[in-house]
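# Coordinates in review
Spelled out, the chains give:
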Amino acid sequence: MLAEDSVLLRDGLTGLLARFGHEVVAAVGDAEALIAAVTEHEPDVVVTDVRMPPGFQDEGLRAAVHLREARPTLPVLVLSQYVQRAYAAELLDSGDGSGVGYLLKDRVGQVEEFVDALGEVASGGTVVDPEVVRQLLRRRRDPLERLTPREREVLALVAQGRSNGAIARELVVTEAAVGKHIGSILAKLDLPPADETHRRVLAVLAFLRA
């Protein structure tokens, strides 16, 4: 089962996998279609990109996490240009941690390397690009390390339940400036827009854990 929004790459991977003896039961271009196709076809392994329609944020990775929650033994290999650290950690922790992989497209040196990784994940193994590991370890050390002193100050006030207006009055800045700081905080904490989560709450949780 293949999920990739680029038509050229999707068709190319489909042909490549067929050449190495794999049957692609469905190839789709968005996360909603991925979930539907997995439900319909019950594949042996899923290969998915991270950023997919409609928002091109982390839809593919969130769909993979959802699928693993419903079927913890479903092998999933993420193949992407990006490390989406929040959901990457959740995916790698899902199930018993077996049958998952995360590779970066521009770091796969040979076709055989990708095919071998797919086989390893399909058989229950774990394959993770060293760069993904490095970024996840950095995130777990201190999620707030990338924030400026002012951003930490703003986040501390958010954790106290202050509104943007109250924070602006406390710091003697404009509400627009506060909004800009909060936007930067959410971006640095890898908290993109998502319908099912409240990002300010997640940011506060990160602050309290740190």
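Residues numbered from 1 in each chain as written. Predicted model: local features only at pLDDT ≥ 70, side-chain atom pairs only at ≥ 80, totals over all residues. Heavy atoms only, no water.

In the annotation of an unreviewed UniProt entry, the protein is listed under the name Response regulator transcription factor and assigned to Streptomyces spongiae.

### Brief notes about the overall build of the protein
The criterion, for reference: For the purposes of this entry, the term helix denotes a DSSP run of H or I that reaches at least four residues, the term strand denotes a run of E that reaches at least two, and both are numbered from the N terminus. For every residue, the accessible area (1.4 Å probe, protein chains only) is compared with the maximum for its type, and the residue is labelled buried under 20%, exposed over 50%, or partly exposed between those bounds. Contacts are assigned to residue pairs that have any heavy atoms within 4.5 Å of one another.
Scanning the protein from N- to C-terminus turns up 10 helices and 6 strands. A principal-axis box enclosing the C-alpha atoms of the protein has dimensions of 65 × 30 × 30 Å. Relative to its 210 residues, the protein shows a buried fraction of 43%. In the protein, once contacts between residues fewer than 6 apart in sequence are set aside, the share between residues at least 24 apart is 64%.

### Let's talk about the packing of helix H7 (residues 149-159) against helix H9 (residues 175-188)
Rules: To define axes, lines are fitted to C-alpha atoms, for helices over the stretch in contact only, and angles between the resulting N-to-C directions are given on a 0 to 180 degree scale. Should an angle lie under 35 degrees it is considered roughly parallel, over 145 roughly antiparallel, and from 65 to 115 roughly perpendicular; all remaining angles are considered oblique. Residue type decides the class: Asp, Glu, Lys and Arg count as charged, Ala, Val, Leu, Ile, Met, Phe, Trp, Tyr, Cys and Pro as nonpolar, and the leftover types, Gly among them, as polar.
At a minimum axis separation of 10 Å, H7 and H9 run at an interaxial angle of 95°. Looking at the two axes, H7 sits roughly perpendicular to H9. Touching Arg150, Glu151, Val154, Leu155 and Val158 of H7 are His181, Ile182, Ser184, Ile185 and Lys188, all from H9. Taken together, the residues of the contact of H7 with H9 sort by class into 5 nonpolar, 2 polar and 3 charged.

### Observations concerning the UniProt feature "domain: Response regulatory" (unreviewed entry) in the protein
Definition in use: UniProt positions are given in the numbering used here, feature names are shortened, and annotations may be inferred rather than shown by experiment.
With numbering matched to this structure, UniProt assigns "domain: Response regulatory" (unreviewed entry) to residues 1-120. Taken end to end, residues 1-120 is 46% helix and 14% strand, and its first and last C-alpha atoms sit 16 Å apart.

### A word on the UniProt feature "modified residue: 4-aspartylphosphate" (unreviewed entry) in the protein
Per the UniProt record, the feature "modified residue: 4-aspartylphosphate" (unreviewed entry) sits at Asp49. Within the secondary structure, Asp49 is located in the loop between strand S3 (46-48) and helix H3 (59-70).

### Side note on the domain arrangement of the protein
When the parts of a complex come together, some accessible area is lost, and that lost area is often used as the size of the interface. The following threshold applies: Domain limits in this description derive from either an automatic procedure or a database domain assignment.
Assigned domains of the protein: these are domain 1 (2-137) and domain 2 (149-209). A C-alpha centroid distance of 32 Å is found between domain 1 and domain 2.

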